[in-house]
Amino acid sequence: MRDDRELTPEQLAAFGAELDALRLRTLADLGADDARYIRRVRAAVRVCCWSGRALLMFGWLPPTWLLGSLLLGLGKILENMELGHNVMHGQYDWMNDPEFAGRAYEWDIAGPSDFWRHTHNHIHHAYTNVLGKDDDVGYGVVRLFPEQRWKPFYRWQPLWVTLQALLFQYAVAIQHLRLDKYAKGRLDKAELMPLLRRLRAKLGRQWTKDYLLFPLLGLFAGGFGAVFVGNLLANVLRNLWTFTVIFCGHFTEKAVVFPPSVLEGETRGHWYLRQLRGSSNLEGGPLFVTFSAGVATQGGYERFADVQDLLRAADDVLYRSKNLGRNRVIARSPGALGHDELSATAS
């Protein structure tokens, strides 16, 4: 459990105002260094993916197959977590570059980007950890907090968690469909069918690329099966990584869930505080943070005397960290990835 102290209305107002001011100063500071950084990320994604796919063409050699699979998986992780996630948040819209336009970017994953922009950008960030509002809490199949109503379905939770981790891109893809509402008669078939058609179209493109086109190209080097399995492994690695980062960054015993009543009269300061309390510690070095979509932090905040001291240092930390891939600076309670991974799935 967390032992956060409550802030007075005045402290919350000051907290929200300082973070808003920090955001405006950061936006004003955006420039060539930031554009160069995201273009380098895109270049790294291309190098990893294309070199991985090239090596898989000669996948009948075990070392070549393994290295190709790992490079392709690394490229898919980087594309999802640092390129796609941040671009679709609109972080690089100021560049006016069509390749980095948040509303147009389509990422290398099973679900259409528009689905994710709604379920993540709007629903998750507006209603972070509010029960009945934030669909990310358990993704509808896992009970993570005692405040969630227990159902017999949760008896098989270890199985659901395992399947969800291995197939995580599909869990994210179908989240927007709200099949639970359809099953309960709260969603009309006429509303569901257009979403299903869009999902089928995206799945068709992804499966054709990974499991048909490139394996067929592998025939010229004598390795259809090697390319097929290598692509499958790369996707599974990406699924396992994103699942681990998301669950360890949001759903441990250090995180707090909230009743819908918390939204009544919520101020900007309250909203910022809810983002902090609804998160868990996840620490690592610069590369780990880059591959974690901004969920992870680097340690060292224990040296700050209080929130005000932290905020005064946040400007310098934020600017120095941008080139390392950090996207936000937040205070968290101490913890480690291994411990968080266990607690996130033990509820």
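Criteria and cut-off values
Residues numbered from 1 in each chain as written. Predicted model: local features only at pLDDT ≥ 70, side-chain atom pairs only at ≥ 80, totals over all residues. Heavy atoms only, no water. Salt bridge = Lys/Arg side-chain N within 4 Å of Asp/Glu carboxyl O. Helix = DSSP H or I, 4+ residues; strand = E, 2+ residues; numbered from the N terminus. Buried < 20%, exposed > 50% of the residue type's maximum accessible area, 1.4 Å probe, protein only. Patch = residues over 30% accessible without salt bridge, like charges linked within 9 Å, V, L, I, M, F, W, Y side chains within 5 Å. Areas by Shrake-Rupley, 256 points an atom, 1.4 Å probe, with all protein chains shown as cover. Axes fitted to C-alpha atoms, helices over the stretch in contact; angles between N-to-C directions. Parallel < 35°, antiparallel > 145°, perpendicular 65-115°, else oblique. Contact = heavy atoms within 4.5 Å. Nonpolar A, V, L, I, M, F, W, Y, C, P; charged D, E, K, R; others polar. Left-handed = near helix turned anticlockwise from the far one by under 90°. Arc of directions from axis to C-beta. Lys, Arg positive; Asp, Glu negative; His and termini not counted. Charge placed at Lys NZ, Arg CZ, Asp CG, Glu CD. Core = buried A, V, L, I, M, F, W, Y, C linked by side-chain atoms within 4.5 Å. Expected span 1.5 Å × (residues − 1). Phe/Tyr/Trp six-rings, centres within 6.5 Å; stacked < 30°, edge-to-face > 60°. Lys NZ or Arg CZ within 6 Å of the ring centre and 35° of its normal.

Draft legend 1. Summary view of the pattern of salt bridges. Scanning all chains against the criterion turns up 15 salt bridges. For Lys-202, the salt bridge identified is with Glu-106, shortest N-O distance 2.6 Å. Of this pair, Lys-202 sits in helix 8 (residues 189–218) while Glu-106 sits in the loop between helix 3 (62–88) and helix 4 (113–126), and the two are 96 residues apart along the sequence. Owing to a relative accessible area of 39%, Glu-106 belongs among the partly exposed residues under this scheme.

Draft legend 2. Representation of a nonpolar patch on the surface in the model. Together, Leu-212, Leu-216, Leu-219, Phe-224, Phe-228, Val-229 and Leu-232 line one region of the surface with nonpolar side chains, adding up to about 560 Å² of accessible area. Breaking the nonpolar patch down by element, the ones donating at least two residues are helix 8 and helix 9 (224–250). The biggest single contributor to the nonpolar patch is helix 9, with 4 residues. Relative to the assigned elements, Leu-232 resides in helix 9.

Draft legend 3. Seen up close, the packing of helix 5 (residues 157–166) against helix 9. Running from amino to carboxyl end, helix 5 crosses helix 9 at an angle of 120 degrees, the nearest separation of the two axes being 7 Å. Between helix 5 and helix 9, the interaxial angle falls into the category oblique. Contacts between helix 5 and helix 9 involve Val-161, Gln-164, Ala-165 and Leu-166 from the former and Val-236, Asn-239, Leu-240, Phe-243 and Phe-247 from the latter. Across the contact of helix 5 with helix 9, the residue classes break down as 7 nonpolar, 2 polar and no charged.

Draft legend 4. Summary view of the packing of helix 2 (residues 32–56) against helix 3. Where helix 2 meets helix 3, the closest approach of the two axes is 7 Å, and the angle between their N-to-C directions is 155 degrees. Here helix 2 is positioned roughly antiparallel relative to helix 3, judged by the angle of their axes. Considering only the axes of helix 2 and helix 3, their crossing is left-handed. When the residues that make up the contact of helix 2 with helix 3 are grouped by side-chain class, the tally is 17 nonpolar, 6 polar and 5 charged.

Draft legend 5. Highlighting helix 5. All of the buried residues along helix 5 are Gln-157, Val-161, Gln-164 and Ala-165. Here the buried residues of helix 5 occupy an arc of 100 degrees about the axis, which is enough to place them on one side. Those residues of helix 5 that are buried are in contact with helix 6 (168–175) and helix 9.

Draft legend 6. Spatial organisation of a positive patch on the surface. Taken together, Lys-133, Arg-149, Lys-151, Lys-181, Lys-184 and Arg-186 make up a surface patch of like positive charges. Tracing the chain through its elements places Arg-149 in the loop between helix 4 and helix 5. Its relative accessible area of 61% is what places Arg-149 among the exposed residues.

Draft legend 7. Spatial organisation of the nonpolar core. Counting residues in each nonpolar core, the largest one holds 46 residues, and the members touching the most others are Ile-38, Leu-83, Phe-168, Phe-247 and Phe-251. Taken together, the elements giving at least two residues each to this core come down to helix 2, helix 3, helix 5, helix 6 and helix 9. Beyond its immediate sequence surroundings of up to four residues, Ile-38 is in contact with Glu-82, Leu-83, Val-87, Tyr-92, Met-95 and Phe-100. In this structure, Ala-110, Leu-192, Leu-199 and Leu-203 belong to the second largest nonpolar core, which totals 9 residues.

Draft legend 8. Examining helix 2 more closely. Relative to the 36 Å expected for 25 residues at 1.5 Å per residue, helix 2 spans 36 Å between its end C-alpha atoms, a close match to the ideal helical length. Residues of helix 2 that are buried: Asp-34, Ala-35, Tyr-37, Ile-38, Val-41, Arg-42, Val-45, Cys-48, Cys-49, Gly-52, Arg-53 and Leu-56. In this structure, the buried side of helix 2 is in contact with helix 1 (9–29), helix 3, helix 8, helix 9 and helix 11 (286–290).

Draft legend 9. Here's a closer look at unusual backbone geometry. Positive phi outside glycine occurs at Asn-129, with the angle close to 60 degrees. Within the element layout of this structure, Asn-129 appears in the loop between helix 4 and helix 5. At Arg-178, a residue that is not glycine, the phi angle is positive and equals roughly 55 degrees. Along the chain, Arg-178 falls in the loop between helix 6 and helix 7 (179–183). Of the residues examined, Arg-178 reaches a relative accessible area of 23% and is grouped as partly exposed.

Draft legend 10. Representation of the environment of Phe-220 within the structure. As for its position among the elements, Phe-220 is in the loop between helix 8 and helix 9. The class of Phe-220 is exposed, set by a relative accessible area of 76%. C-alpha separation for the pair Phe-220 and Met-57, spaced 163 residues apart in sequence, amounts to 8.1 Å.

Draft legend 11. Main features of the packing of aromatic side chains. If you walk through the whole model with that rule in mind, you get 15 aromatic pairs. Arranged with centres 5.1 Å apart and planes meeting at 50 degrees, the rings of Tyr-211 and Phe-228 form a pair that is tilted. You can see Tyr-211 sitting in helix 8 and its partner Phe-228 sitting in helix 9, a full 17 residues away along the chain. Joined through ring pairs, the aromatic side chains of Tyr-139, Phe-145, Phe-168, Phe-243, Phe-247 and Phe-251 make up one cluster. In this structure, Arg-53 is placed above the aromatic ring of Phe-214, and the distance from its NZ or CZ to the ring centre is 4.2 Å. Directly above the ring of Tyr-127 sits Lys-133, whose terminal nitrogen or CZ lies 5.5 Å from the centroid.

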